[in-house]
2 protein chains.
Amino acid sequence: MSPNNDFLAVQDFYSDVVSWCFGCGRLNPVGHHFRTRWDGDHTLTTYTPHVEHTAIPGFVYGGLIASLIDCHSTGSAALALYRRDGHELGEPEPIPRCMTASLTVDYLKPTPLGPELTVQGTIAEVGGRKVVVKSQLFAEGIVVVSAAVVAVMARL
Amino acid sequence: MSPNNDFLAVQDFYSDVVSWCFGCGRLNPVGHHFRTRWDGDHTLTTYTPHVEHTAIPGFVYGGLIASLIDCHSTGSAALALYRRDGHELGEPEPIPRCMTASLTVDYLKPTPLGPELTVQGTIAEVGGRKVVVKSQLFAEGIVVVSAAVVAVMARL
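Residues numbered from 1 in each chain as written. Chains lettered and ligands numbered in written order. Predicted model: local features only at pLDDT ≥ 70, side-chain atom pairs only at ≥ 80, totals over all residues.

Caption draft 1: How the structure looks around the overall build of chain A. Helices and strands together make up the secondary structure of chain A, namely 1 helix and 6 strands. Starting at the N terminus, the α and β elements of chain A follow one another as β-β-α-β-β-β-β. For chain A, the C-alpha radius of gyration of 15 Å lies close to 15 Å, the compact-globule estimate for 156 residues. Each of the three principal axes of chain A carries a C-alpha extent, and together these read 45 × 30 × 25 Å. The buried share among the 156 residues of chain A stands at 49%. (Helix = DSSP H or I, 4+ residues; strand = E, 2+ residues; numbered from the N terminus. Rg over C-alpha atoms; globule rule 2.2 N^0.38 Å. Buried ≥ 20, exposed ≤ 12 C-beta atoms within 10 Å, placed from the backbone.)

Caption draft 2: Seen up close, the interface of chain B and chain A. Across the boundary between the two partners, chain B contributes 31 residues, which contact 31 residues of chain A. Sorting the residues of the side of chain B that touches chain A by element identifies α1 (62-84) and β3 (98-107) of chain B as the ones contributing at least two each. Of all the elements, β3(B) adds the most residues to the side of chain B that touches chain A, at 8 residues. Grouping the constituent residues of the side of chain B that touches chain A by class yields 17 nonpolar, 11 polar and 3 charged. One ladder, built from 5 bridges, connects strand β3 (residues 98-107) of chain A with β3(B); its direction is antiparallel. Looking at β3(B), one finds that A:D106 is bridged to B:S102. (Contact = placed C-beta atoms within 7 Å. Nonpolar A, V, L, I, M, F, W, Y, C, P; charged D, E, K, R; others polar. Pairing = 2+ DSSP bridges.)

Caption draft 3: Highlighting the environment of A:S146. Residue and element names in this part refer to chain A. Relative to the assigned elements, S146 resides in strand β6 (residues 142-153). Here S146 falls in the partly exposed class, since 16 other C-beta atoms lie within 10 Å of it. Apart from residues lying up to four places away in sequence, S146 is in contact with D106, L108 and Q136.

Caption draft 4: The arrangement of helix α1 (residues 62-84) of chain A in detail. Its 23 residues give α1(A) an end-to-end C-alpha distance of 32 Å, which sits within 8% of 33 Å, the value for a rise of 1.5 Å per residue. A positive phi of about 90 degrees marks A:G86, the residue just after α1(A). (Expected span 1.5 Å × (residues − 1).)

Caption draft 5: Examining the sheet that holds strand β2 (residues 42-47) of chain A more closely. Spatially, β1(A)-β2(A)-β4(A)-β5(A)-β6(A)-β3(A)-β3(B)-β6(B)-β5(B)-β4(B)-β2(B)-β1(B) is the arrangement adopted by the 12 strands of the open sheet, whose pairing is antiparallel. The sheet is open, and its two borders are formed by β1 (36-39) of chain A together with β1 (36-39) of chain B, each paired with just one other strand. For this sheet, the mean inter-axis angle between neighbouring strands, taken without regard to orientation, is 25 degrees. Strand contacts of α1(A): β1, β2, β3, β4 (117-126), β5 (130-139) and β6 of chain A together with β3 of chain B, with the helix running at about 130 degrees to β3(A), the strand carrying the most contacts. (Axes fitted to C-alpha atoms, helices over the stretch in contact; angles between N-to-C directions.)

Caption draft 6: Quick look at the relation of the copies chain B and chain A. You can overlay chain B on chain A at an RMSD of 0.0 Å; the transform is a turn of 180 degrees with a shift of 0.0 Å along its axis. Between the two chains, the operation in question is that of a two-fold axis. When C-alpha positions in chain B are compared against the rotation axis, the closest is assigned to B:T104, at 2.1 Å. When the interface residues of chain B are mapped onto chain A, 100% of them again fall at the interface, so both copies present the same face. (Least-squares fit on C-alpha atoms with pLDDT ≥ 70 in both.)

Caption draft 7: Local environment of unusual backbone geometry. Residues and elements named next belong to chain B. Even without a glycine there, the phi angle at H33 is positive, about 60 degrees. Note on placement: H33 falls in the segment before β1. Although it is not a glycine, E140 adopts a positive phi angle of roughly 50 degrees. Tracing the sequence through the fold places E140 in the loop between β5 (130-139) and β6 (142-153).

Caption draft 8: Region of interest: the environment of B:R26. You can see B:R26 is positioned in the segment before β1. When the C-alpha positions of B:R26 and B:A139 are compared, they lie 25 Å apart, and in sequence the two are 113 residues distant.

Caption draft 9: Spotlight on the pairing of β3(A). In this structure, β3(A) lies alongside β6(A), joined through 9 bridges in antiparallel fashion. Bridge pairing in β6(A) places A:T104 opposite A:A148.

Caption draft 10: Spatial organisation of the pairing of β4(A). Residue and element names in this part refer to chain A. Where β2 lies against β4, 5 bridges are found, and the strand directions are antiparallel. Bridge pairing in β4 links T45 to V119. Relative to β5, β4 runs antiparallel, the two sharing 9 bridges. Within the sheet, the bridge partner assigned to V119 lies in β5 and is L137.

Caption draft 11: Quick peek at the packing of α1(A) against α1(B). Contact geometry for α1(A) and α1(B): axes closest at 8 Å, N-to-C directions at 150 degrees. In terms of orientation, α1(A) lies roughly antiparallel with respect to α1(B). Where α1(A) crosses over α1(B), the two elements pack in a sense that is right-handed. Residues A:G62, A:G63, A:A66, A:S67, A:D70 and A:C71 of α1(A) form the contact with α1(B), whose participating residues are B:G62, B:G63, B:A66, B:S67, B:D70 and B:C71. Along the lines of polarity and charge, the residues of the contact of α1(A) with α1(B) split into 4 nonpolar, 6 polar and 2 charged. (Parallel < 35°, antiparallel > 145°, perpendicular 65-115°, else oblique. Left-handed = near helix turned anticlockwise from the far one by under 90°.)

This is the structure:
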């Protein structure tokens, strides 16, 4: 768990062996440390890109946005499977770890570099091991990116 | 131009103001410095991920792969528009700079962390300002990822 944050994120509960992800692994010393949580029936990941995460000056790099969507979505899928099985973060049952099978990102508008970005996820489908997550990325209250991810629970 | 490399890449010729991309900008001091070139009628980008670019231990982070596909595809689109207009790298005419409108990445198999990755692009469609690039990512000779990107020439 991350004692320096004021909310619980799914990534705080991944087992150590699967917590090295460059995007969201709490043990990766140089990764982005994306953190994803429930917000009612939606999922939520916020992140403020760094100055080096530039596409063209003033705008956020699309690959960083795809990375944010990727980990947000696998985290959302893990939350959805855990809730489907009757659990909420903080319970002792192990959290599933999901991998991305497919990722689609539509860049609707240029994303300004500077403000905090908010990704809101909707759990569109939950199968046995498969979850479809649809997301919108907001910058200053405006939807700038929409995305869909198919995530699958890993057999670890 | 990058005098330390033994081939010309499209990113060597982007104007300075659009060469700060975290993925492929030659002026970004901490970026990935992806470099894309023609290989016959295909385009080619190679990259060896670093140890921190982990998903789960032993495999490459999907967000890094999406980043590689992103810059490979915008670079491929710039090459395609330049050739469409009768030019090849090394000529004095300015190179167009393209942005990603949509990105789809299918992770067919886990991508091993360690070997050099090769992305081969096919120019599927060239419109006035729009290019569709389809790509396959190879690790140790095996296709592990397929992708499609719609890229659009920026008005700068």
